[in-house]
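Architecture and fold: a report
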Amino acid sequence: MGYKSSEGHTNHPTPLDSLTPLRAMILSSLEGTLYNVDSDILRSTCGLFTTMFTLPQPLLHTIEFPDPTLCVYESDSILPTFLSLLYGHHISIESYSLDHIIQLVSLAEKWDALSIVENMKPILFAPERRGVDPLRLYALARHFGWDREARELSLPLLALNLHDPRYRDSILGTISSKHVKPLFDLRQRRINIFGRMLDSPERFISGNR
C-alpha cells in the first residue's frame with residue numbers, strides 16, 4: 001500500500017503515520033521516489049541495515065522530510081518489489097523476467113538479505129528457466145557457491161559454442177577460470193566419446209569397413 005504526500009512524492013509500502021517516529025524510515029530511490037519503511041523490518045531482514053543502525057547515525061532529517069531519509073541509489077524498477085519481499089508480501093516472482101529476478105537477487109546480496117537470496121534460488125533454477133540463458137545462470141550459481149545447480153547446468157551448456165564472442169567477451173569473463181575450465185573439459189570429453197563412437201565398427205558398421 002502507498003500514498004501520495006502533499007509534495008507529490010510517492011510513498012511505499014507503509015503509510016508513515018502508522019509507524020512510531022523511532023521506527024519510521026524513508027528510503028529515496030535513484031529517481032527520487034520516497035518509500036516509507038519500518039526500520040525494524042530493515043534491521044531484521046537486511047544485514048546491511050542491522051550494521052548501519054548500530055553505528056552513530058548522521059542527521060538524516062530535512063525541513064521538507066522531517067523523518068529520517070536515506071538515498072539508497074536503487075531504481076524504481078526494482079525497489080518496490082524488493083521492499084514488498086522484505087515485508088513478506090506474496091508476489092508471483094515466477095512470472096518475472098530473468099533480468100528482473102537477477103536484479104532482485106543482486107540487490108538482496110548488496111543489502112545482505114540472505115533469506116531473499118535463498119528464496120529466489122528455486123525460482124531461478126526452475127526447469128523451465130534453465131534453457132533460457134544457461135550460461136548466465138551458471139555464472140550466478142558459481143558466484144553464490146551453488147554447486148549442485150552449477151553442475152546441473154553443465155549439460156545444457158554443451159549446446160552453446162563457448163568460443164562465441166557473445167559469451168567469451170561478456171559472461172565468461174565474470175566466471176572464475178577454475179569454473180570455466182570444467183565446461184571446456186566436459187565438452188572435450190563428449191567430443192572424444194562421440195569420435196570413438198563414430199570409429200566403432202559395432203556402432204557404424206558400413207562406415208568403418
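Look up a bit, the structure's there.
All residue numbers refer to position in the chain's written sequence, counted from 1. With pLDDT at 70 or above as the cut-off, local features in this predicted model cover only qualifying residues; side-chain atom pairs require 80 or more to be listed or tallied, and sums for whole chains, interfaces and linings still use all residues. Side-chain metrics rest on all non-hydrogen atoms present in the structure, leaving aside hydrogens and water.

**Quick look at the nonpolar core**
It is characteristic of soluble globular proteins that their nonpolar side chains tend to be buried jointly. Judged by nonpolar contacts, the single largest core of 51 residues is most densely connected at L27, L42, F82, L86, W111, L124 and L135. Examining the composition of this core, we find that 7 residues originate from one element, helix α4 (residues 98-110), more than from any other. Setting aside chain neighbours within four positions, we find L42 in contact with M25, L27, V37, F49, F53, L86 and W111. Joining through side-chain atoms within 4.5 Å is the link that ties buried Ala, Val, Leu, Ile, Met, Phe, Trp, Tyr and Cys residues into a set, and such a set is a nonpolar core. The rule is simple: take the accessible area with a 1.4 Å probe, protein chains only, and divide by the maximum for that residue type; under 20% is buried, over 50% is exposed, in between is partly exposed. Helix and strand assignments follow DSSP, with helices taken as H or I runs no shorter than four residues and strands as E runs no shorter than two, numbered in order from the N terminus. The criterion used for residue contact is that any of the two residues' heavy atoms lie within 4.5 Å.

**Structural notes on the packing of helix α3 (residues 79-86) against α4**
Axes, fitted as lines to C-alpha atoms, cover a helix only where it is in contact. Angles between the N-to-C directions of the axes lie from 0 to 180 degrees. Between α3 and α4, the shortest axis-to-axis distance is 10 Å and the interhelical angle comes to 60°. The orientation of α3 relative to α4 falls into the category oblique. Like other packed secondary-structure pairs, α3 and α4 cross with a definite hand, here right-handed. For the pair formed by α3 and α4, the contact residues are L79, T81, F82 and L85 on the first element and H100, L104, L107 and A108 on the second. Along the lines of polarity and charge, the residues of the contact of α3 with α4 split into 6 nonpolar, 2 polar and no charged. The labels follow the angle: roughly parallel below 35 degrees, roughly antiparallel above 145, roughly perpendicular from 65 to 115, and oblique for the rest. Note on convention: near helix rotated counterclockwise from far helix by under a right angle means a left-handed crossing. Clockwise means right-handed. We call Asp, Glu, Lys and Arg charged. Ala, Val, Leu, Ile, Met, Phe, Trp, Tyr, Cys and Pro are nonpolar, and the rest, Gly among them, are polar.

**Focus on the sheet that holds strand β5 (residues 69-71)**
A pair of strands counts as paired when DSSP detects no fewer than two bridges linking them. The 3 strands are arranged β4-β3-β5 in an open sheet whose pairing can be described as mixed. Every interior strand has two partners, whereas the edge strands, β4 (34-38) and β5, have only one. Along the sheet, successive strands turn relative to each other by an average axial angle of 30°, direction set aside. Relative to β5, strand β3 (residues 24-28) is paired through 3 bridges, and the arrangement is parallel. Bridging from a neighbouring strand, S28 pairs with C71 of β5.

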